[in-house]
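Spelled out, the chains give:
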Amino acid sequence: MPPGRIELMSTHIGAQPGEIADRVLLPGDPLRAKWIAETYLEDAKCYSTVRNMFGFTGTYRGVRVSVQGTGMGMPSASIYSHELINDYGVNTLIRVGSCGALSESIKLRDVIAAIGSSTDSNMNRMRFDGLIDYAPVADFGLLRKSVDVAEARGIPMHVGPILAADAFYTDRPDLYDTLADYGVLAVEMESAALYTIAARFKARALTVLTVSDHIKTGERTTAQEREQTFGQMVEIALDTVIA
Ligand SMILES: O=P(O)(O)O[C@H]1O[C@H](CO)[C@@H](O)[C@H]1O
Ligand SMILES: O=c1cc[nH]c(=O)[nH]1
């Protein structure tokens, strides 16, 4: 930090007030955040390197947009979502993540927009004293816009429910089959927390995913692909977040 500059960062994000746009894309992978900023944003500047969880602000089609890594899992994603909304005034958050397909109807590299997110996480059970099974859902306006954008760009996009799991490696693959029977398309690890925190603090949130693994077929993409080549998902998210 330059001498004389007063430190006003939040606990986990090293940005000064005003350095983060009011609309933010949220990849789990901080290097995907860097790739998105370098590939899609004009005049992108890095506002945070705290814990190497990079955040950048630039412009996309003339609109200020930020992109912030969230890390893996709901505890980590909750921290970044909470601080972006409450400490930096962010009002629109679109997660751009990878996921594992649960359904035979979904193929590797397909794009999914998540209407709602079931979860095995205990976080909402604590929030609601175990009395309510809260249903975390996407902001309808963002979801509808993303569908319009995908259609306009000619990108096929599945729209449906997903699972946000605490564990990447599961001992209960049978539950994935049951969830698929109930129409759940894919599994990832952050969306339920994002939707819940956005609802709690009156922000708008959406999750758009690219299938990086197929739970049924065992197919998977490479780490480099997960970091750098999920362009269709990012383009849908960017066109949606600036609308
Ligand atoms: O690619 P990201 O956005 O990190 O999302 C998925 O990838 C990670 C697991 O490999 C989890 O964070 C999961 O949600
Ligand atoms: O959370 C995730 C992400 C990708 N693939 C999975 O199986 N799980």
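Structure: see above.
Here the structure is a predicted model, which is why all the values come from computation and not from measurement. Position numbers for residues count from 1 along each chain, tracking the sequence in the order it is written. Each chain takes a letter, starting from A, and each ligand takes a number, starting from 1, following the order in which they are written. Only residues with pLDDT of at least 70 get local features here, since the model is predicted, and only at 80 or more are side-chain atom pairs given and counted; chain-wide, interface and lining totals rely on the full set of residues. As a convention, hydrogens and water are excluded, and side-chain values are obtained from all of the structure's heavy atoms.

Engineer: Which residues make up the overall build of the protein, and what values do they have?
Structural biologist: A tally of regular secondary structure across the protein gives eight helices and nine strands. Only C-alpha atoms enter the radius of gyration, while the globule expectation follows 2.2 Å times N to the 0.38, with N the number of residues. For the protein, the C-alpha radius of gyration of 17 Å lies close to 18 Å, the compact-globule estimate for 243 residues. The principal-axis extents of the C-alpha atoms in the protein amount to approximately 60 × 45 × 30 Å. Across the 243 residues of the protein, 52% fall into the buried class. Contact criterion: two residues are considered in contact whenever any of their non-hydrogen atoms come within 4.5 Å of each other. A separation threshold of at least 6 residues defines the contact pool for the protein, and within that pool the share at least 24 residues apart is 74%. In summary, the charge assignment counts Lys and Arg as positive and Asp and Glu as negative, without counting His or the chain termini. Each charge is placed at NZ for Lys, CZ for Arg, CG for Asp and CD for Glu. Here the protein contributes 23 positive and 30 negative side-chain charges, whose respective centroids are spaced 4 Å apart. Helix and strand labels come from DSSP, where a helix needs a run of H or I of at least four residues and a strand needs a run of E of at least two; each type is numbered from the N terminus. For every residue, the accessible area obtained with a 1.4 Å probe (protein chains only) is divided by the maximum for its type, and the residue is called buried under 20%, exposed over 50%, and partly exposed between those limits.

Engineer: If you had to explain the site of ligand 2 to someone new, which residues and values would you point to?
Structural biologist: Residues are classed as near a molecule or strand on a simple rule: at least one heavy atom within 4 Å of it. In the vicinity of ligand 2, the contacting residues are Ser 98, Cys 99, Gly 100, Phe 168, Val 187, Glu 188, Met 189, Ser 212, Asp 213 and Ile 215. Definition of a polar contact: a pair of N or O atoms within 3.5 Å, with one able to donate and the other able to accept a hydrogen when the atoms are protein atoms, and with sequence-neighbouring residues admitted only if both atoms are side-chain atoms. In the model, a nitrogen atom of ligand 2 is placed 3.2 Å from a nitrogen or oxygen of the Gly 100 main chain. Between ligand 2 and the protein, one listed contact pairs a nitrogen atom with a side-chain N or O atom of Asp 213 at 2.7 Å. For ligand 2, whose unbound accessible area comes to 240 Å², protein coverage reaches 92%. Taken together, the elements giving at least two residues each to the shell around ligand 2 come down to strand 5 (92-101), strand 8 (186-188) and strand 9 (204-214). For the shell around ligand 2, the leading source of residues is strand 5, giving three residues. Three classes are used, and their members are as follows: Ala, Val, Leu, Ile, Met, Phe, Trp, Tyr, Cys and Pro are nonpolar, Asp, Glu, Lys and Arg are charged, and the others, Gly among them, are polar. Here the residues of the shell around ligand 2 sort into five nonpolar, three polar and two charged. Working definition of accessibility: Shrake-Rupley area with a 1.4 Å probe, residue cover restricted to the visible protein chains.

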